[in-house]
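Observations on the three-dimensional arrangement
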Amino acid sequence: MRTEILDLSLIDKDINHQGSSISFEPFIAYMEELAARNSIKTSFYESLISKFRGELGAEDEIKVEEVSKYNELLELIYMFLTPLVSAEDNHRWALGTPIPSKVLLSTDAFYDFHACESHCTIAGAFDSKNIFSDKERAFMYRVILQKLFNISAGVNSDSFIQTTNPLTNQPIFYKVRIDTRFIQVVNQEPLPNISPDVLETWLWDSDGQEKLERVLPLASFSIKGFSILELEDITSEHAIESLKDILVQQTSEFDYEALTHALQSLIGTTGIEFGLLPFLQLNGKTVYVKESCTNSILMSSAASYRVSQNNFHEHVERYRNTGRAIFLNNLSGEGNGDPVLRRILRKSGIESFALIPVFFKKKMIGALELYSREQPGLSKVIANRLQPALPYIAQLLEQTAEEFQYSIDNAVRDNFTSLKTSVKWKFNEAVWKQMQEHNQEPERIVFRDLYPFYGAIDIRQSTVERNKAAFEDLISTINYLEMCFKTLVDLQEMGDLEEQLPAWREHFNNYRSGKDEHQFNHVLENDIHPVLSAIAERSQPAAELIEAYFSENSDSTGSLHKNRRELELSMQKVNGAINQALLNDQKDLQRKYPHYFDKFRTDGVEYDIYLGQTIAPDKPFKSNYLEAFKIWQIRSMAEIGRRTTRLAPSLPKPLLTTQLIFVHSHPIDISYRNDEKRFDVDGGYSIRYQVVKKRIDKVHIAGTDERLTQPGKIAIVYSHEAEREAYKVYIHQLQEEGVLENDLEELDLEVLQGVNGLKALRVGIAG
């Protein structure tokens, strides 16, 4: 233990109230209360009380400079308050002045931390160097209200301290915990006759502190006793929170650097790097797409050293089918494992490599790569440290898989904080209850009686546009290959391989007529490309011609993928405009009333909003919030329709969108699915809402072949007459504002599987 007096530069010295003094009386009173319970430890408490009374004599208040006379008592307090098994070299614990600006006694671990304190920074809720920021008075008032009015206001800061591990150079994060049990507040004047409920509300009002200072001036109070400070290492928790933030706050390009830092923080070393290898499904088969594996060291190594797709697929599929982690160590020497994988990784300068399977809903959807260019070996110990992160990695890979069949859209990601800010309190309560009751699993998270809002903005004829772009690019590829074959024949470089030309040309003709893209790509990748690579090694003229072809066939830069790239870019820009509009609105909507917002990708964007009292129990829910959200949804759809229409002429491939709203006036329940790490509807009636929502995207008007959703219009699907009347009022209001056209249609819809009686309103968007 250390008994030096330490100044805490992390805490503002102005906080030291003149009426504050060090005293052991509150601690003695605490022990007297324990002794009065007649427990088996009563005699122990009484002996401690006698010890303190004997040492202190008549002394009540102790000056800081005289504290050293009572070092034995200080150490007794530490022994009393901490478990016997606590190791002082790891336990960052200190006893300080009542308002903690000075430390009177500290463990070696706390002292060592204080020695490097100048290298620490404050992060979290406050940006100031001071833990309490400008809230030192707020801290004092919280203690006063806690002690004199029995108002549990909480005195701990939401900030955390960041420092650096001197051995690994990795950041370490500490949470500051302050124990105020041994602080006594004495009022010098009679307390005002004010309801504690009113005082508690002032804690949260913007001008609440001014009100408190008027009725409870600090000069009227004295504070004595001592405080206990503990620094809790929350590095692992911070790494997991960083992963959550990364996944929630995705922007146009996923921040793999931030992801790597979070994982390195979790395992405690910067010597290991990470990659992601998603197993994407296409027509029931696993495919590996370069654009989705941009940070996969395995994929990039295979591409760099001309491993054929078939060969690469074969080796990765062999691993995928085992479903187990693999470790390839000492790659520069001899070792076990797949020789092909060892060879290509060794050529990339990798010394050790591991592949950790990632599962979603009990299905392996990808793998997390660990690799080091210096460390000779990776072990299961390191892999086990990553277990808490795997559910969040699974979410990322699952999202990649869902988006794959439509587009590789890295320009926009889910970038909102509503999920975290609006419902995190519920998870905190569940975890706290779990800790208190010592349960192995937290309770099921359910929000009941929520009003759902569903919206879908779809890119019109996206499938047709995809097929058209692919066909145009592959025709360009055929024409380029025909030119290459002719030149190679003229150069007499084909040799016996010239016999294969008729069969290849037959495949070309079959694609022109039947458009069997899968068969064409199979022949291209497995027959034609290997032959061209072999010919390129024979002579310089052939190599230059073939290298030019491979360059033009590059997915990212080649002219033979121009139409597909332009379509993907156009879709990214459209989805980016949609997401930006929704994100901007979310900030205002969350201020209006907290709610759960979930956005997911199709060929466009779909979203769910759940609104109700159970998400924000401290804020009364009024019916006018419901009406405001309904009007916002229509207005928002109109704004998105205008944005995408204005954007279309500037796109490489002009695209238009359709706007769909599904009205469901009755409240539903949602619950958090731990296996999938997301919310879903709960209960039979709620599930019907989900079923209807999934089946109306391509619904037709009854008795016609006309799709309900059309560019330039908003379609509103409903079931009940009351919904129709309510939405006609909202539409009329927006028509008068010039947001919507005066062309409202009332339509019956076709009967869908398991769903009938649906009707719709359709109205044009004003330019």
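Residues numbered from 1 in each chain as written. Predicted model: local features only at pLDDT ≥ 70, side-chain atom pairs only at ≥ 80, totals over all residues. Heavy atoms only, no water.

This paragraph deals with the sheet that holds strand β8 (residues 183-187). Judged by pairing direction, the sheet is mixed, and its 3 strands sit side by side in the order β2-β9-β8 without closing on themselves. Looking at strand neighbours, the two that pair on one side only are β2 (20-22) and β8, the edges of this open sheet. If you compare each strand with its neighbour and ignore which way they point, the axes differ by 20° on average. Relative to strand β9 (residues 221-225), β8 is paired through 5 bridges, and the arrangement is antiparallel. Each residue of the ladder has a partner; that of Asn-187, found in β9, is Phe-221. (Pairing = 2+ DSSP bridges. Helix = DSSP H or I, 4+ residues; strand = E, 2+ residues; numbered from the N terminus. Axes fitted to C-alpha atoms, helices over the stretch in contact; angles between N-to-C directions.)

In this section: the environment of Tyr-111. Along the chain, Tyr-111 falls in helix α4 (residues 108-115). Between the C-alpha atom of Tyr-111 and that of Arg-2, which follows or precedes it by 109 residues, the distance is 7.0 Å. When neighbours within four sequence positions are excluded, Tyr-111 is seen to be in contact with Arg-2, Glu-4, Leu-6 and Ser-106. (Contact = heavy atoms within 4.5 Å.)

The axes of two packed helices give the description: the angle between them and the distance between them. Between helix α17 (residues 501-514) and helix α18 (residues 517-536), the shortest axis-to-axis distance is 10 Å and the interhelical angle comes to 155°. One finds that α17 runs roughly antiparallel with respect to α18. Judged by the twist between their axes, the crossing of α17 over α18 is left-handed. Contacts between α17 and α18 pair Trp-504, His-507, Phe-508 and Tyr-511 from the former with Glu-517, Gln-519, Phe-520, Val-523, Asp-527, Ile-528 and Val-531 from the latter. Its residues placed into classes, the contact of α17 with α18 shows 7 nonpolar, 2 polar and 2 charged. (Parallel < 35°, antiparallel > 145°, perpendicular 65-115°, else oblique. Left-handed = near helix turned anticlockwise from the far one by under 90°. Nonpolar A, V, L, I, M, F, W, Y, C, P; charged D, E, K, R; others polar.)

When the charged atoms of two side chains lie near each other, side chains of opposite charge can form a pair. The tally for this structure, following the rule as stated, stands at 32 salt bridges. Glu-746 is the salt-bridge partner of Lys-728, the closest N and O atoms lying 3.1 Å from each other. Of this pair, Lys-728 sits in helix α23 (residues 721-736) while Glu-746 sits in strand β24 (residues 745-748), and the two are 18 residues apart along the sequence. By relative accessible area, which is 26% here, Lys-728 ends up partly exposed. Linked through salt bridges whose partners overlap, the residues forming this network are Glu-721, Arg-724, Glu-725, Lys-728 and Glu-746. (Salt bridge = Lys/Arg side-chain N within 4 Å of Asp/Glu carboxyl O. Buried < 20%, exposed > 50% of the residue type's maximum accessible area, 1.4 Å probe, protein only.)

Per the counting criterion, the structure on display carries 33 aromatic pairs. On the numbers, 5.4 Å between centres and 55° between planes, the contact of Tyr-549 with Phe-550 is tilted. (Phe/Tyr/Trp six-rings, centres within 6.5 Å; stacked < 30°, edge-to-face > 60°.)

This paragraph deals with the nonpolar core. Judged by nonpolar contacts, the single largest core of 43 residues is most densely connected at Leu-582, Tyr-607, Ile-634, Ile-714, Ile-716 and Leu-740. Of all elements in the fold, only β17 (446-459), α20 (562-592), β19 (604-611), α21 (623-647), β23 (713-718), α23 and β25 (759-764) reach the threshold of two or more residues within this core. The element that contributes the greatest number of residues to this core is α21, accounting for 9 residues. If sequence neighbours within four positions are ignored, Tyr-607 has contacts with Phe-453, Tyr-454, Gly-455, Ile-457, Leu-582, Phe-597, Asp-598, Lys-599, Phe-600, Trp-632, Gln-633 and Met-637. (Core = buried A, V, L, I, M, F, W, Y, C linked by side-chain atoms within 4.5 Å.)

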